[in-house]
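Each chain is listed here by its residues.
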Amino acid sequence: MPQTAEIETDADDWEVERLQLRETLGNRMKAVRLACGFTLEAAAQKAGLALSTIHKIENGRVSPSYENLVRMARAYDIGMERLFSADHEAQQTTRLAVTRAGAGRKVSSKNFEYEILCNELAEKKIIPLVTVVSHRAPLRPDELEAHDGEETLYVLSGQVELVVEHYQPVLMNPGDCAYFDSTIKHGLRAIGEEEARIFWACTYVDVDK
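Residues numbered from 1 in each chain as written. Predicted model: local features only at pLDDT ≥ 70, side-chain atom pairs only at ≥ 80, totals over all residues. Heavy atoms only, no water.

### Some words on the overall build of the protein
Alright, step 1. Of the regular secondary structure elements, the protein holds 5 helices and 9 strands.
Alright, step 2. Taken from the N to the C terminus, the helices and strands of the protein come in the order α-α-α-α-α-β-β-β-β-β-β-β-β-β.
Alright, step 3. When the 209 residues of the protein are sorted by exposure, 43% land in the buried category.
Alright, step 4. Summarising the internal contacts of the protein: among those between residues at least 6 apart in sequence, 65% fall at separations of at least 24.
Alright, step 5. Here the protein displays about 11,900 Å² of accessible surface, and carbon together with sulfur accounts for 52% of that area. (Helix = DSSP H or I, 4+ residues; strand = E, 2+ residues; numbered from the N terminus. Buried < 20%, exposed > 50% of the residue type's maximum accessible area, 1.4 Å probe, protein only. Contact = heavy atoms within 4.5 Å. Areas by Shrake-Rupley, 256 points an atom, 1.4 Å probe, with all protein chains shown as cover.)

### Here's the deal with the sheet that holds strand β6 (residues 170-172)
Alright, step 1. Read across the sheet, 3 strands follow the order β6-β5-β8 without closing on themselves; strand pairing throughout is antiparallel. Each edge of the open sheet carries a strand with a single partner, namely β6 and β8 (186-190). On average, each strand axis in the sheet is inclined to that of its neighbour by 20°, with strand direction left out of account.
Alright, step 2. Of the strand pairs in this sheet, strand β5 (residues 160-164) and β8 are connected by 5 bridges, and their pairing is antiparallel. (Pairing = 2+ DSSP bridges. Axes fitted to C-alpha atoms, helices over the stretch in contact; angles between N-to-C directions.)

### Things to note about the side chain of Arg 189
Alright, step 1. Structurally, Arg 189 is set in strand β8.
Alright, step 2. Residue Arg 189 is classed as buried on the basis of its relative accessible area of 10%.
Alright, step 3. Separated by 2.7 Å, the side chain of Arg 189 and the backbone oxygen of Arg 136 make a polar contact.
Alright, step 4. At 2.8 Å, the side chain of Arg 189 forms a polar contact with the side chain of Glu 161.
Alright, step 5. When residues no more than four places from it in sequence are discounted, the contact partners of Arg 189 are Val 133, Ser 134, Arg 136, Ala 137, Pro 138, Leu 139, Gln 159, Val 160 and Glu 161. (Polar contact = N/O pair within 3.5 Å; in protein donor to acceptor, adjacent residues only side chain to side chain.)

### A short note on unusual backbone geometry
Alright, step 1. If you check the backbone angles, His 166 has positive phi at about 80° while not being a glycine.
Alright, step 2. As for its placement among the helices and strands, His 166 is situated in the loop between β5 and β6.

### Section: the packing of helix α2 (residues 40-47) against helix α4 (residues 66-76)
Alright, step 1. Packing of α2 against α4 leaves a shortest axis separation of 8 Å and a crossing angle of 110°. As the angle between them shows, α2 and α4 are arranged roughly perpendicular. Relative to α4, α2 is oriented so that their crossing is right-handed. In this structure, α2 uses Ala 43, Lys 46 and Ala 47 to contact α4, whose residues at the interface are Arg 71, Met 72, Ala 75 and Tyr 76.
Alright, step 2. A per-class count over the contact of α2 with α4 returns 5 nonpolar, no polar and 2 charged. (Parallel < 35°, antiparallel > 145°, perpendicular 65-115°, else oblique. Left-handed = near helix turned anticlockwise from the far one by under 90°. Nonpolar A, V, L, I, M, F, W, Y, C, P; charged D, E, K, R; others polar.)

### Focus: the nonpolar core
Alright, step 1. Core analysis: the biggest nonpolar cluster contains 42 residues, and Tyr 76, Leu 153 and Leu 188 have the highest contact counts within it.
Alright, step 2. When residues no more than four places from it in sequence are discounted, the contact partners of Leu 188 are Phe 112, Val 133, Arg 136, Leu 139, Leu 153, Val 160, Glu 161, Leu 162, Ile 198 and Trp 200.
Alright, step 3. Counting 5 residues, the second-largest nonpolar core is a separate cluster that includes Ala 97, Leu 117, Cys 118 and Leu 121. (Core = buried A, V, L, I, M, F, W, Y, C linked by side-chain atoms within 4.5 Å.)

### Description of α2
Alright, step 1. Burial analysis of α2 places 6 of its 8 residues in the buried class, which makes it a mostly covered element.
Alright, step 2. Among the residues of α2, those classed as buried are Leu 40, Glu 41, Ala 42, Ala 43, Ala 44 and Ala 47.

Below, the structure is given as structure tokens:
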């Protein structure tokens, strides 16, 4: 009996440690993503993973497989060891970041080209982007996306159509601004053949924290 009790205690201790390791890794992976300037959507598209998978990993709800770790390291253009090292966190101490014109990190996703601004400031609560929006056919309901957080956009050039579920599509011209709840399905497309440029700011909220 004593031996059985010892085995059970060891198993309980490992379960506690396993959950702590998973939470630590999740926090670190989120810090790396934010330091690289990726939104959850951009990271998911770049890594070829579901947005919900990355969200669960970052919140310590699941343990990532080796394959997913490799995918995410490649998507963030870092060595895999950075996902397991806290050294980079100590280096991200700046609370002021300035990005000169055209000097932001360029990221391409399925429907947009992003220039991510102020990358050097870690753990930002707001992710600022300049986004090129291409002409597309009218958006279908299955092309709309929803996620945690809120966002605002300001049209710099061109003309765009903002589609938010439960509302009539909104036609926006240079100087127009919109703010909406990201948990409602939404989408954006350029009107006409000219590409549109917008300033886009997003915030993502972890519902489990």
